[in-house]
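Letter by letter, the chains look like this.
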Amino acid sequence: YGDGDKHIVLLNFGYKQSILKQLCDAGCKVTVVPYDMEPSEVHKLQPDGILLSNGPGDPMQMVPYLNGFKELALKYPTLGICLGHQLIALSFGGKTKKLLFGHRGANQPVLDISVGKVFMTSQNHSYVVDEQSLEDTGLFVRYRQVNDGSIEGCEHEALPILTVQFHPEANPGPAESAVIFKEFLQKVKSKSGREKAYA
């Protein structure tokens, strides 16, 4: 899909078409692959970046594939959305837990801790990353749910990895968080952190 100069491989867990549209509109070439594709096969596609999509279900069902997700995230700039966010946290050693009441709807307030700004997001999830489990993973909390304080996204302290629990591609819905794609593509363009991956 698309014919841009940056090649993004989208691992499909049940992705939304609007994710694909956002990437193509931003000038990317996108290859959609099944979530269980071997990392060696993904490497052959020579991506500039990796996106782990949203999808239904308990992230712990994906435990057999976590090492592969981590291998890709160590090598390429990576964005995880919703389920993809949870899987990146798990693959780096974090844990997930089920919310008593899931987050649903298109008016969920989220704080971007890096700039101190709150924006409205679209959400539909029952599981969250357990904050205490992030210790020693290299991941830190970047986004937080204003209502209950739960984690809404992470960033890696040394690698170009960004994850969000909410849906930045939501359509219709709040558009403020589309900046997430812009930030991810900046990481792709700078390739910052790749050198560390080979160290």
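Residues numbered from 1 in each chain as written. Predicted model: local features only at pLDDT ≥ 70, side-chain atom pairs only at ≥ 80, totals over all residues. Heavy atoms only, no water.

Participant: Honestly, the overall build of the protein in this entry has me stumped. Any pointers?
Facilitator: Helix and strand content of the protein: six helices and nine strands. Against the globule reference of 16 Å for 199 residues, the protein gives a C-alpha radius of gyration of 15 Å, in line with a compact fold. Expressed along its principal axes, the backbone C-alpha trace of the protein runs to roughly 40 × 35 × 30 Å. The buried share among the 199 residues of the protein stands at 53%. For the protein, restricting intrachain contacts to residue pairs at least 6 apart in sequence, the fraction spanning at least 24 positions comes to 65%. Working note: accessible area of the protein is about 9,200 Å², and carbon and sulfur atoms make up 50% of it. One finds the centroid of the 20 positive side-chain charges in the protein at a distance of 3 Å from the centroid of its 22 negative side-chain charges. (Helix = DSSP H or I, 4+ residues; strand = E, 2+ residues; numbered from the N terminus. Rg over C-alpha atoms; globule rule 2.2 N^0.38 Å. Buried < 20%, exposed > 50% of the residue type's maximum accessible area, 1.4 Å probe, protein only. Contact = heavy atoms within 4.5 Å. Areas by Shrake-Rupley, 256 points an atom, 1.4 Å probe, with all protein chains shown as cover. Lys, Arg positive; Asp, Glu negative; His and termini not counted. Charge placed at Lys NZ, Arg CZ, Asp CG, Glu CD.)

Participant: How should the packing of aromatic side chains be read in this particular structure?
Facilitator: Aromatic rings in a pair are described by how distant their centres are and how their planes are angled relative to each other. Under the defined criterion, the tally for this structure stands at seven aromatic pairs. Ring centres of Tyr35 and Tyr65 lie 5.4 Å apart, and the angle between their planes is 85°; on these two criteria the pair is classed as edge-to-face. Placement of the pair is Tyr35 in the loop between strand S2 (28-34) and helix H2 (39-44) and Tyr65 in the loop between strand S3 (49-52) and helix H3 (66-75), with a sequence separation of 30 residues. Classification of Tyr35 as partly exposed rests on a relative accessible area of 28%. (Phe/Tyr/Trp six-rings, centres within 6.5 Å; stacked < 30°, edge-to-face > 60°.)

Participant: Hey, could you run me through the nonpolar core in this one?
Facilitator: Nonpolar side chains tend to gather and get buried jointly when the protein is soluble and globular. Judged by nonpolar contacts, the single largest core of 27 residues is most densely connected at Leu11, Phe13, Ile50, Leu52, Phe69, Leu87 and Leu134. The set of elements that each furnish at least two residues to this core consists of strand S1 (6-12), S3, H3, helix H4 (83-91), strand S7 (139-145) and strand S8 (151-156). Residue contributions to this core peak at five residues, all from H4. The contact partners of Ile50, leaving out residues within four places of it in the chain, are Val9, Leu11, Val42, Leu72, Tyr76, Pro77, Thr78, Leu79 and Phe184. In terms of nonpolar packing, the next biggest core, distinct from the first, is built from 23 residues, Ile19, Leu162, Phe181 and Phe184 among them. (Core = buried A, V, L, I, M, F, W, Y, C linked by side-chain atoms within 4.5 Å.)

Participant: In this structure, what is going on with the sheet that holds S7? I would like to understand it.
Facilitator: Working definition: the strands of a sheet are paired by backbone hydrogen bonds and lie parallel or antiparallel to each other. Spatial strand order, S2-S1-S3-S4-S9-S8-S7-S5-S6: nine strands in an open sheet with mixed pairing. Pairing within the sheet leaves two strands with one partner each, and these edge strands are S2 and strand S6 (117-129). Strand-to-strand twist in this sheet, taken as the mean axis angle between neighbours without regard to direction, amounts to 25°. Relative to strand S9 (residues 161-164), strand S4 (residues 78-81) runs parallel, the two sharing four bridges. When the bridges of S9 are listed, Gly80 appears paired with Thr163. (Pairing = 2+ DSSP bridges. Axes fitted to C-alpha atoms, helices over the stretch in contact; angles between N-to-C directions.)

Participant: I keep staring at the side chain of Ser126 and nothing clicks. Help me out?
Facilitator: Counting through the fold element by element, Ser126 comes out in strand S6. A polar side-chain atom of Ser126 sits 2.6 Å from a polar atom in the side chain of Arg104. Apart from residues no more than four positions distant in its own chain, Ser126 is found in contact with Lys97, Lys98, Leu99, Gly102 and Arg104. (Polar contact = N/O pair within 3.5 Å; in protein donor to acceptor, adjacent residues only side chain to side chain.)

Participant: Could you clarify how one ought to interpret the pattern of salt bridges in this entry?
Facilitator: A side chain of one charge can pair with a side chain of the opposite charge when the charged atoms of the two come close. Applying the stated criterion across every chain, the model contains seven salt bridges. Across the salt bridge formed by Asp25 and Lys21, the nearest N and O atoms sit 2.7 Å from each other. Taken together, the residues Asp25 and Lys21, both in helix H1 (residues 17-25) and four residues apart, mark about one turn of the helix. Here Arg142 ties to Asp112 by a salt bridge, and the two come within 2.8 Å at their closest N and O atoms. In this pair, Arg142 is assigned in strand S7 and Asp112 in strand S5 (residues 96-112), connecting sequence segments 30 residues apart. The class for Arg142 is buried, based on a relative accessible area of 6%. Using a relative accessible area of 8% as the deciding quantity, one classes Asp112 as buried. Connected via shared salt-bridge partners are Asp112, Arg142, Glu155, Glu183 and Lys187. (Salt bridge = Lys/Arg side-chain N within 4 Å of Asp/Glu carboxyl O.)

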